[in-house]
Amino acid sequence: MILALLRLSHKSPRQLSILVFLVALGLSTPAVGQEPSVHAALSLRDVASIGVASVLYVTPRVFHIGPGPSDCAPCDRSGLPAFDRWAIAEPRRGWGRASTVLLVGLAGVAGAELASTPAGARHAVAIVETGAWAVGLAEMFKGIIGRRRPVLYTVEAPAAVSGRNSRRSLPSGHTAAAFAVATSYWLSRRTLHGSPGVPGWVAVAAAAGVGVMRVTAGKHFPSDVLAGAALGAGTAVVVHVLKF
């Protein structure tokens, strides 16, 4: 499974951020001597759940679920909702990289804080589990829905049309991952401290920032980001209800 994920990340650089996000959470462990660690808090049920979510993540690409390359380059903008049409722009790679950095930073900081205390170890595991399911579901939905990315409505469409990734716009995986982490962190802080506090709300703001950056980068439409946010937040709530 790990080898399959690495091969897919090599072929799809846009997905590397999600893999780094999961690794960052998985490596978030308390200082030496603090118990229980995240590893000790990880049950067989957690491992199985994360494993199933990982299978969900790779399935669309392994089995080529979804439509092939777009049949238009560039495509007609008039068929898009006005809510999304204004956001069409050529890819801005700097903003794309910034969204990845913010996502990984959010995941690492939130996971490390929770994992640094014995009481928070299980909650750190919950972030990993929530993130895995949010990303796995996002990939599956992308393959099934097959929505064109904004680039296919720009002058850069001919260069992007051949890749299957150009038909994987809805929902935004980065945004789903960011809101999964932020919502899980918010809920965990409320459980552990009685209130999410400033850090909890900062995490939510950071997740929103990831979504804004994905639109600014020309990677997604606003509706893709809203769908990703709903998916990530909803996944976090479900995982916390079942886990705690």
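Positions within a chain are numbered from 1, following the residues in the order the chain's sequence is written. Owing to the predicted nature of the model, reporting of local features is limited to residues with pLDDT of at least 70; listing and counting of side-chain atom pairs is limited to 80 or more, with chain, interface and lining totals taken over all residues. Excluding hydrogens and water, the side-chain figures rest on all heavy atoms present in the structure.

**Side note on the side chain of His 174**
- You can see His 174 is positioned in helix α9 (residues 173–193).
- Partly exposed describes any residue whose relative accessible area lies between the buried limit of under 20% and the exposed limit of over 50%, with all areas from a 1.4 Å probe on protein chains only and scaled to the type maximum. Given a relative accessible area of 4%, His 174 falls into the buried group.
- Pairs of N or O atoms are called polar contacts if they sit within 3.5 Å, as long as, within protein, a hydrogen donor faces a hydrogen acceptor (for residues adjacent in sequence, only side-chain-to-side-chain pairs). A distance of 3.2 Å separates polar atoms of two side chains, one belonging to His 174 and the other to Thr 100. Under the scheme used here, helices are H or I runs from DSSP no shorter than 4 residues and strands are E runs no shorter than 2 residues, and both carry numbers assigned from the N terminus.

**A few points about the state of the cysteines**
- The disulfide criterion is simple: two cysteine sulfur atoms within 2.5 Å. All chains considered together, the criterion is met by one disulfide.
- Through a disulfide, Cys 72 is tied to Cys 75; the S-S separation comes to 1.9 Å. Torsion about the S-S bond of the Cys 72 and Cys 75 cystine: about 90 degrees, corresponding to right-handed handedness.
- Residue classification places Cys 75 among the buried positions, given a relative accessible area of 8%.

**Considering the packing of helix α7 (residues 121–145) against helix α11 (residues 222–243)**
- To get an axis, fit a line to the C-alpha atoms, keeping to the stretch in contact for a helix; angles then go from 0 to 180 degrees between the N-to-C directions. Contact geometry of α7 with α11 gives a least axis separation of 9 Å together with a crossing angle of 135 degrees. The pairing of α7 with α11 is recorded here as oblique in orientation. Note on packing geometry: the crossing formed by α7 with α11 is right-handed. For the pair α7 and α11, the contacting residues are Arg 122, His 123, Val 125, Ala 126, Glu 129, Thr 130, Trp 133, Ala 134, Leu 137, Ala 138 and Phe 141 in the first and Leu 231, Gly 232, Thr 235, Ala 236, Val 239, His 240 and Lys 243 in the second.
- Throughout this entry, Asp, Glu, Lys and Arg are counted as charged residues, while Ala, Val, Leu, Ile, Met, Phe, Trp, Tyr, Cys and Pro are counted as nonpolar. The remaining residues, Gly among them, count as polar. A class-by-class count of the residues in the contact of α7 with α11 yields ten nonpolar, five polar and three charged. We call two directions roughly parallel when the angle between them is under 35 degrees, roughly antiparallel when it is over 145, roughly perpendicular when it lies between 65 and 115, and oblique otherwise. Crossing handedness follows the turn of the near helix against the far one: under a right angle anticlockwise gives a left-handed crossing, and clockwise gives a right-handed one. By the convention used here, residues are in contact when the closest approach between their heavy atoms is within 4.5 Å.

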